[in-house]
Amino acid sequence: MSTIMDGKALSCEIRAEIKAKIDSQKEKGIEAPSLAVVLVGNDPASKIYVRNKKNACAEAGITSYEYTLPETATEEEVLALIEKLNCDEKINGILVQVPLPKGIDEKKVIDTISPEKDVDAFSESNIGKYFLGNAKFLPCTPGGILHLLDKYEIDVNGKNCVVIGRSNIVGKPMALLLLQRNGTVTVCHSRTKNLEEYTKNADIIIVAIGKPKFLTGDMIKEGAVVIDVGINRLPDGKVTGDADFESCKEKASFITPVPGGVGPMTIAQLLLNTLEASNDK
Ligand code: NAD
């Protein structure tokens, strides 16, 4: 039987700590941290993500400002907004909701955010910093996962860690952060042959591929830790992860549920990064 890693509860704990810190700073006359959220276009999922992030900010006592540009906005207009926010002293963190509409160079936009305000840690400059192990901001999903591992006292040192998925926002940074904790890390992806050979030997598996119930109990060893990053919407509207929770939980020592595992931790890390950005003023 496995322990279910409650990301929702831990996220609430972290948010409450952030709020307490901000409240005590306010009593000393220190302004609340602030986050600028930039939304370009009408993508319905992006609108929901932005709303959730703004609500989380409000609950934690972080001031958020939304900047909405139309679908027809040009790259120059988006870059001009970022430059303006970079110079705006009242803004501590800047987050650009992706994907951006076609014709706008996402990488160029993200790299224009001042590294001190890049709370998603997506810019080349911040990727370089956490590659070298001296980051101020951790990328939100992998960083949130580290908090979960810490909460459940899961030591990475010397463990066989298998990361499935190699995206720039989850798989690659996750592998780096586990390596920094002295894990022996293997990154598997869509071209990996005989994936089970790796997963069956893994002490810790992080699965982030966007394929519902891909990782099944027969692919893992007894006592493995399973961290499920996937968010997949099924035809019936329910959300499921990349791991088959029912079969994996029979063998895993620890497992994250979906929803309520990694998702809430991603937001908690974003709030932590915003607080950190404001402490640097
Ligand atoms: P992505 O969609 O950019 O890329 C998918 C990755 O999976 C690729 O690296 C690919 O090589 C790998 N892959 C695809 N099929 C595979 C297979 N059959 N075997 C092995 N590897 C395979 O990845 P992403 O943006 O990291 O998103 C992955 C999932 O995580 C999605 O479901 C996404 O919604 C979710 N996600 C969740 C959070 C969160 O906060 N919980 C954050 C980001 C992404």
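Residues numbered from 1 in each chain as written. Predicted model: local features only at pLDDT ≥ 70, side-chain atom pairs only at ≥ 80, totals over all residues. Heavy atoms only, no water.

Participant: Quick rundown of the sheet that holds strand 7 (residues 204-207)? Include the residues and the values.
Facilitator: Consider a sheet: its strands pair through backbone hydrogen bonds, and that pairing is either parallel or antiparallel. Here we have six strands laid out as an open sheet, ordered 1-11-8-7-5-6, and parallel in their pairing. Either end of the sheet is taken by a strand with one partner, and the two such strands are strand 1 (3-4) and strand 6 (184-188). The pairing of strand 5 (residues 160-164) with strand 7 spans four bridges and is classified as parallel. Within the sheet, the bridge partner assigned to C161 lies in strand 7 and is I204. Set on the sheet, helix 7 (residues 171-180) makes contact with strand 5, strand 6 and strand 7; between it and strand 5 the angle comes to about 170°. (Pairing = 2+ DSSP bridges. Helix = DSSP H or I, 4+ residues; strand = E, 2+ residues; numbered from the N terminus. Contact = heavy atoms within 4.5 Å. Axes fitted to C-alpha atoms, helices over the stretch in contact; angles between N-to-C directions.)

Participant: An account of the site of the ligand is needed here, citing residue identities and associated values.
Facilitator: Neighbouring the ligand are 21 residues, the closest being R166, S167, V229, I231 and T266. At a separation of 3.1 Å, an oxygen atom of the ligand approaches a polar backbone atom of I231. In isolation the ligand exposes 850 Å². Once the protein is present, 73% of that is buried. Counting residues per element, the shell around the ligand draws most heavily on helix 10 (residues 262-279), at three residues. Looking at the shell around the ligand residue by residue, the class counts come to nine nonpolar, 10 polar and two charged. (Near = heavy atom within 4 Å. Polar contact = N/O pair within 3.5 Å; in protein donor to acceptor, adjacent residues only side chain to side chain. Areas by Shrake-Rupley, 256 points an atom, 1.4 Å probe, with all protein chains shown as cover. Nonpolar A, V, L, I, M, F, W, Y, C, P; charged D, E, K, R; others polar.)

Participant: Go over the pattern of salt bridges with me, naming the residues and quoting the values.
Facilitator: Here the structure, examined in full by the defined rule, presents 13 salt bridges. For E66, the salt bridge goes to K54, with nearest N and O atoms at 2.7 Å. Taken together, the residues span a long stretch of sequence, with E66 in strand 3 (residues 63-69) and K54 in helix 2 (residues 44-60) at a distance of 12 residues. What makes E66 partly exposed here is its relative accessible area of 35%. Given the relative accessible area of 26%, K54 is considered partly exposed. A salt bridge links K107 to D111; the shortest N-O distance between them is 2.8 Å. With K107 and D111 both in helix 4 (residues 106-112), this residue pair falls four residues apart, about one helical turn. Among the charged side chains, a network of salt bridges with common partners joins K107, D111 and E124. (Salt bridge = Lys/Arg side-chain N within 4 Å of Asp/Glu carboxyl O. Buried < 20%, exposed > 50% of the residue type's maximum accessible area, 1.4 Å probe, protein only.)

Participant: Can you tell me about the sheet that holds strand 3, naming the residues and giving the values?
Facilitator: Here three strands make up an open sheet; going across it, the order is 3-2-4 and the pairing parallel. In this open sheet, the two edge strands, each paired with only one partner strand, are strand 3 and strand 4 (93-96). Averaged over all adjacent pairs, the angle separating strand axes in this sheet is 20°, with direction ignored. In the sheet, strand 2 (residues 34-40) pairs with strand 4 via four bridges, with the strands oriented parallel. The partner of V37 across the bridge, within strand 4, is L95. Each of strand 2, strand 3 and strand 4 is contacted by helix 2, which is oriented at about 170° to strand 2, the strand it contacts most.

Participant: Residues and numbers for the layout of surface pockets, please.
Facilitator: A water-sized probe rolled over the atoms picks out the places where empty space is left. In this structure, the largest pocket spans a volume of roughly 1500 Å³. In this structure, the largest pocket is lined by 48 residues; those nearest its centre are Y49, I231, G263, T266 and I267. Elements with a contribution of two residues or more to the lining of the largest pocket: helix 1 (7-27), helix 2, strand 4, helix 6 (140-151) and helix 10. Residue contributions to the lining of the largest pocket peak at seven residues, all from helix 2. The residue inventory of the lining of the largest pocket, partitioned by class, reads 27 nonpolar, 12 polar and nine charged. Considering only enclosed or pocket space, the second largest pocket measures out at about 300 Å³ in volume. (1 Å grid on protein atoms, 1.4 Å probe; cavity = no way out; pocket = protein on both sides within 12 Å on 5 of 7 lines; lining within 4 Å. Points joined across faces, edges and corners; volume = space filled by probe spheres on them.)

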